[in-house]
Amino acid sequence: MSQFKFINEIDLYRAYKKTKFELFNDKNSVLTIKLFNFEKDLEKNISNLYKKLQKNGLKDVQVGSFFEYPKSLKFFNNKFNKEEFCKDDLLKNCTEDDKVHFFSSSLNHHEIKEQEKYELEFRKIIDAEIEFHIISTLWVMKVGQYIDEKFNKDVYGSRLIRTRPTDTSSCEFDLSNQKFNTDSPRVYEQYQYKYQSWRNNSFKSIRELHKTSSVIAITMDISKFYHSINPQYFLTQEFYKEFDFDKNIDNDWKQFHIDFINKIIEWNKSLSENKQKDEVVGIPIGLTASPVLANAIMKEFDEKINLIAPTYYGRYVDDILLVFPDNGELNNGEKVLEYLKSRNVINEQGNDFVLYKENENKGNFKLKKSKQKIFYLDKNADLSIIDGMEAEINSVSSEWRFLPDIADKNSSLLNKIIGFYGDGKEFNDALRKIDSTTIKRLGLSLLISHSHSLNEYISSKEWSEQRYKIYDLIENHIFIPQNFINNYAFISRLFRLMIHSGDGERAFCFLQKVNNIIKHIEKIPKLITSNGDVKFSYFERYNKTCLREVLLESLSYVNTIKDKY
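I will try to describe carefully the structure that is included in this document. Given the structure is predicted, the values throughout are model-derived calculations rather than measurements. (Residues numbered from 1 in each chain as written. Predicted model: local features only at pLDDT ≥ 70, side-chain atom pairs only at ≥ 80, totals over all residues. Heavy atoms only, no water.)

### What to know about the sheet that holds strand β6 (residues 347-349)
- Strand order in the open sheet made by the three strands is β6-β7-β8, with antiparallel pairing throughout. Only two strands of the sheet have a single neighbouring strand rather than two, namely β6 and β8 (365-368). Averaged over all pairs of adjacent strands, the angle between their axes in this sheet comes to 40 degrees, without regard to strand direction.
- Two elements, β6 and strand β7 (residues 352-355), share three bridges in a ladder whose sense is antiparallel. Looking at the pairing, Gln349 lines up with Asp352 of β7. (Pairing = 2+ DSSP bridges. Helix = DSSP H or I, 4+ residues; strand = E, 2+ residues; numbered from the N terminus. Axes fitted to C-alpha atoms, helices over the stretch in contact; angles between N-to-C directions.)

So this is what it looks like as structure tokens:
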């Protein structure tokens, strides 16, 4: 039985401060109430955790449960009913191309039918106790920082916050050699700036390379990345050697690391689908330590990529960008993939590609062929193509870069909100031009985030008419089964906007619509799998917890600013 007498209460307070900051800034976190209850008697709760660690290590620290978070919903009607779509005299030559496509925003027209095939995917998010979140952050502070030091500058996502060097006269400096910033409330660097750098640097390299050569750019994405990682790898001698544990981690903190990883394995085995199979698959989404572990599992891949010396390589967690010149032989997608296979960067397995074929104890990482994209840019191609690609990618991925620039109380910002879809005309015209079937996640994100920004500068009363049109537009889109699941992340954000704007009646109606569509969709899991309804119940619990927390946070916000206008 481990006793962690080397841990002091100051470490726990620092870990709690960082935990609180990260959880409040995690869009998927639903821990506001747990944090509130923990902090009501913070001194006592930290003291209790300290005593547990002193007496029995992590033995008495509870990990918690999990939520099911909706990822995607697809449905396929395998049968084409000619009688339904074709006239009697045309039945013989009738094909599916003769079918009239019908779109409706009414839930009545989206009946769940047994004869249709559905694919409903969830991803697990840990519902950990605050004590375990603190332990996770403490692991980052004492162990994870030395793992993060081993990643090179090509790794952009989820990098730990470090102290700035004394000489910052140059804008380009490597933080990996700097000490972990224990005083900052953050654990990680701000994601938006790292993500922006990842994108911008890739296009900079494409432009430079295009001056002398045809360019090949590859984007790669690992399917179910977090859920494919085997946490037992982090207890192997191979892992310890790769990250110099003997040099950087003393025996006390190594034992802490072992017990912490075993807690993750214990949580993993408790998952419903792993109980019978006795499998250990995946690390928890929503834990502060998980991004460091995820980057660690990719270190071998990073090194393989650097051996082929691409012009540019950048990885943002499991999103990969590669840029290199055409050697005269890579004139189609298959040859590019063969090139990567011949250098052991990827391996073929059935219809997919995998990483680490010879080292499966790290996990089973699949690269679905349909999700990997290869772009070939001829040397003689116009640079405007690159400019267009960059503008499109930046606009899609960078909602945070659209900063409010209101000069007065008119609707100039609203024109910009719609500008991605409209043609610069006034707000109402732009709204009419938007077809609900074409709104993508970018549009939803822009509409909601910039509406929140507008509330900071203009009284919500002064743009209520336009705001209600935004509500109508989004609701017409998301309240059908497939769009609701695929855009679920925006449900809480839209609800928060309604509360912040003082639109209480609209918010109440919105909750009723959410409840109705969930009741409508809950028939699907029972058609797919024997335990599908169990998974759905974990999603329903997440949904209720999430909206309850949004309501509590938003009411506090409204009470704070109610006299502002």
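That covers the picture; the talk isn't over yet.
### Points about the environment of Tyr339
- Residue placement: Tyr339 occurs in helix α14 (residues 333-342).
- For Tyr339, a relative accessible area of 17% translates into the label buried.
- Along the sequence, Tyr339 and Glu329 sit 10 residues apart, while their C-alpha atoms lie 9.7 Å from each other.
- The contact partners of Tyr339, leaving out residues within four places of it in the chain, are Ile308, Phe324 and Leu330. (Buried < 20%, exposed > 50% of the residue type's maximum accessible area, 1.4 Å probe, protein only. Contact = heavy atoms within 4.5 Å.)

### Focus: the packing of helix α19 (residues 464-478) against helix α22 (residues 504-521)
- One way to put it is that α19 packs onto α22 with a least axis distance of 12 Å and a crossing angle of 5 degrees. With respect to α22, the axis of α19 lies roughly parallel. Residues Tyr468, Tyr471, Asp472, Glu475 and Ile478 of α19 touch α22, and the partners they reach there are Arg506, Phe510, Lys513 and Ile517.
- Among the residues forming the contact of α19 with α22, the class breakdown is five nonpolar, no polar and four charged. (Parallel < 35°, antiparallel > 145°, perpendicular 65-115°, else oblique. Nonpolar A, V, L, I, M, F, W, Y, C, P; charged D, E, K, R; others polar.)

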